[in-house]
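Structure assessment
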Amino acid sequence: MMANNTARGILKDNLWTNNAIFVQILGICSTLAVTNKLENTLIMAIGVILVMGFTNLTVSIIKSLIPRKVRMIVQTLIISFYVIIVDIILKAYLPEISRALGPYVGLIITNCIIMGRAEAFAQSNKPVISFWDGITSGAGYMYVLLIIAFVRELLGFGTIFGMNVLPESFIKWTIMVMPPSAFFMLAILIWVFKGIMEKKEAK
Amino acid sequence: MAPDISPFILFFASIFTSNILLANFLGMCSFISVSKDYNSSNGLGMAVTFVLTITTAINWLVYNYILVPFEIEYLRYIVFIIVIAATVQVLEMIIERVSMNLYMALGIFLPLITVNCAILGVALFMQLRDYNFIQSIIFGFGSGLGWWLAIMALAAIRKKTDRAPVPAGLKGPGITLITIGFMAIAFMGFSGMLAVQ
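Residues numbered from 1 in each chain as written. Chains lettered and ligands numbered in written order. Predicted model: local features only at pLDDT ≥ 70, side-chain atom pairs only at ≥ 80, totals over all residues. Heavy atoms only, no water.

Turning next to the packing of aromatic side chains. Within the structure shown, the criterion is met by 14 aromatic pairs over all chains. For the ring pair Y131 of chain B and F139 of chain B, a centre distance of 5.1 Å and an interplane angle of 55 degrees mean the geometry is tilted. In this arrangement the basic side chain of K37 of chain A is found over the ring face of F157 of chain A, its NZ or CZ atom lying 4.8 Å from the centre. The lysine or arginine in question, K159 of chain B, covers the ring of Y38 of chain B, its NZ or CZ lying 5.1 Å from the ring centre. (Phe/Tyr/Trp six-rings, centres within 6.5 Å; stacked < 30°, edge-to-face > 60°. Lys NZ or Arg CZ within 6 Å of the ring centre and 35° of its normal.)

What follows is the structure in structure tokens.
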């Protein structure tokens, strides 16, 4: 699938043609839960990007030292190491958001995308390009979540980043605050994405 | 301090109202990919319930008797994940020895479970909400049952939607997510019956 290994090719692949969420439906476990507020989503996604980039970098640097049999558990430990750092930083500088995110920061560890990228890319590529791959995969992940969070916050609370943008007379969609709407939003986004892809292929 | 909830309510709340999957989005990856097949869904559901009950108990003991006395709670992510991985490994060996039938049913799913977010999620929730030992076991078992129930229901519905005329772009993951959304709404209907959490 990865024909193109240049920095630009990876960027395009990770953001669009091979987007982790649209195409592979991976890693939605931990992060859909926080998409009812843009602020939380942004912080969470940045956390994922950092963890993903540094995990890829680390795995790529020490890949020749890891015995093949235990590489899964080693990767998991590397990921948890970075997640703990992110968690501590959040607790220190953004205590309120850290409380709102609750256990979901810790659940970045089991986010399948991170392990997937470490296994599929960092395991067989050079450190710098692996780091780039991690960052761009994370960015591809981030913008999808931000779109979902944007719609959910706008319709659910009438706000964007906590600022009121809709008039008082707007009736808030309670469903948008609740879990089911995240599924619907993601389904609609996948639909749109597939529609665009199919049109391109038809040309 | 442990919250004052009757075990009965906690048990039902963890199955229905705060279903680990539909309300907390945990364990989605394997949920979507495995639910294509009815029999594997059953096997994975069983394995998740089994592992969840055991690892939640072990994690509770480890957290309260090792991490808290030494004041290294911030290491809990690493410790929980190691406990889960180790437990799954040991369970796999024990099951292989004790019952070949059970091993055939659960065997291939056990490695998948280590990276199932639901397992780690339950451990983190258990710690965050300060459940006591008994409550943790009930919570773990109930969440497992809830996950099992949800994946069985989805697998059954997917059998139908696979043959239904669906817009091309929605085929596969799209329609599955919408189905999950409706299931989440249905499960939310239970929330009037019990206090959530």
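All names here are of chain A. The UniProt feature table records "transmembrane region" (unreviewed entry) at residues 15–35, 41–62, 74–94, 100–118, 130–150 and 170–193. Counted over residues 74–94, helix gives 95% and strand 0%. Its end C-alpha atoms are 29 Å apart. With 47% helix and 0% strand, residues 100–118 has end C-alpha atoms that lie 28 Å from one another. (UniProt positions renumbered as here; feature names shortened; annotations may be inferred. Helix = DSSP H or I, 4+ residues; strand = E, 2+ residues; numbered from the N terminus.)

Turning our eyes to something else, we now look at the nonpolar core. Counting residues in hydrophobic clusters, the biggest one holds 108 residues, and the most contacted among them are L186 of chain A together with M28, F31, I113, W147, L177 and I180 of chain B. Aside from chain neighbours lying at most four places away, what touches L186 of chain A is I21, I28, L32, V144 and I148 of chain A together with L177 of chain B. (Core = buried A, V, L, I, M, F, W, Y, C linked by side-chain atoms within 4.5 Å. Buried < 20%, exposed > 50% of the residue type's maximum accessible area, 1.4 Å probe, protein only. Contact = heavy atoms within 4.5 Å.)

Each side of the interface is counted separately: chain B has 42 residues, and chain A has 40 residues. Between chain B and chain A the total buried area reaches about 3300 Å² when both faces are included, carbon and sulfur atoms providing 84% of it. Considering only the surface of chain B that becomes buried against chain A, F25, Y77 and L177 of chain B emerge as the three largest contributors, covering 22% of it. At the boundary of chain B and chain A, one finds zero salt bridges. For the interface between chain B and chain A, the tally reads one residue pair in polar contact (both at pLDDT 80 or more). Element by element, the count of residues in the side of chain B that touches chain A is highest for helix α9 (residues 173–188) of chain B, at 10 residues. Its residues assigned to classes, the side of chain B that touches chain A shows 32 nonpolar, eight polar and two charged. (Buried area = accessible area lost by both parts, 1.4 Å probe. Salt bridge = Lys/Arg side-chain N within 4 Å of Asp/Glu carboxyl O. Polar contact = N/O pair within 3.5 Å; in protein donor to acceptor, adjacent residues only side chain to side chain. Nonpolar A, V, L, I, M, F, W, Y, C, P; charged D, E, K, R; others polar.)

Here we come to the environment of W60 of chain B. All names here are of chain B. Along the chain, W60 falls in helix α3 (residues 38–67). A C-alpha to C-alpha distance of 25 Å links W60 and S30, two positions 30 residues apart in sequence. Each residue touching W60, except ones within four places of it in the same chain, is listed here: Y65, M126, Y131, N132, F133 and S136.

Its 31 residues place the ends of helix α7 (residues 127–157) of chain A 43 Å apart at the C-alpha level, agreeing with the 45 Å of an ideal helix rising 1.5 Å per residue. One or two steps after α7 of chain A, the chain reaches G158 of chain A, where phi turns positive at roughly 75 degrees. (Expected span 1.5 Å × (residues − 1).)

The subject of this paragraph is the UniProt feature "transmembrane region" (unreviewed entry) in chain B. Residues and elements named next belong to chain B. Under the present numbering, the feature "transmembrane region" (unreviewed entry) in UniProt falls on residues 6–32, 44–62, 74–95, 102–127, 133–155 and 175–196. Strand forms 0% of residues 44–62 and helix 100%; the C-alpha atoms that close the span are 26 Å apart. Helix makes up 91% of residues 74–95 and strand makes up 0%, while its end C-alpha atoms are separated by 33 Å.

The next thing to look at is the packing of helix α8 (residues 133–161) of chain B against α9 of chain B. Residue and element names in this part refer to chain B. For the pair α8 and α9, interaxial distance at closest approach is 10 Å and the crossing angle is 130 degrees. Regarding the angle of α8 to α9, the classification is oblique. Read as a crossing pair, α8 and α9 show a hand that is right-handed. When α8 is examined against α9, the residues L149, A150, A153, L154, I157, R158 and T161 are found in contact with a partner set consisting of I175, T176, T179, I180, M183 and F187. In terms of residue class, the contact of α8 with α9 is built from nine nonpolar, three polar and one charged. (Axes fitted to C-alpha atoms, helices over the stretch in contact; angles between N-to-C directions. Parallel < 35°, antiparallel > 145°, perpendicular 65-115°, else oblique. Left-handed = near helix turned anticlockwise from the far one by under 90°.)

Below, the discussion takes up the pattern of salt bridges. Residue and element names in this part refer to chain A. One pass over the full model with this rule turns up two salt bridges over all chains. Across the pair D87 and K91 runs a salt bridge whose closest N-O atoms are separated by 3.4 Å. With D87 and K91 both in helix α4 (residues 71–93), this residue pair falls four residues apart, about one helical turn. Residue K91 is classed as partly exposed on the basis of its relative accessible area, which comes to 45%. A salt bridge links R117 to D133; the shortest N-O distance between them is 3.1 Å. Taken as a pair, R117 in helix α6 (residues 112–120) and D133 in helix α7 lie far apart in primary sequence, 16 residues in all. Accessibility expressed as a relative area gives 9% for R117, which makes it buried. The exposure class of D133 is buried, given its relative accessible area of 0%.

Turning our attention to a positive patch on the surface. A cluster of basic residues, K12, K199, K200 and K203 of chain A, forms a positive patch at the surface. Its relative accessible area of 89% is what places K203 of chain A among the exposed residues. (Patch = residues over 30% accessible without salt bridge, like charges linked within 9 Å, V, L, I, M, F, W, Y side chains within 5 Å. Areas by Shrake-Rupley, 256 points an atom, 1.4 Å probe, with all protein chains shown as cover. Lys, Arg positive; Asp, Glu negative; His and termini not counted. Charge placed at Lys NZ, Arg CZ, Asp CG, Glu CD.)

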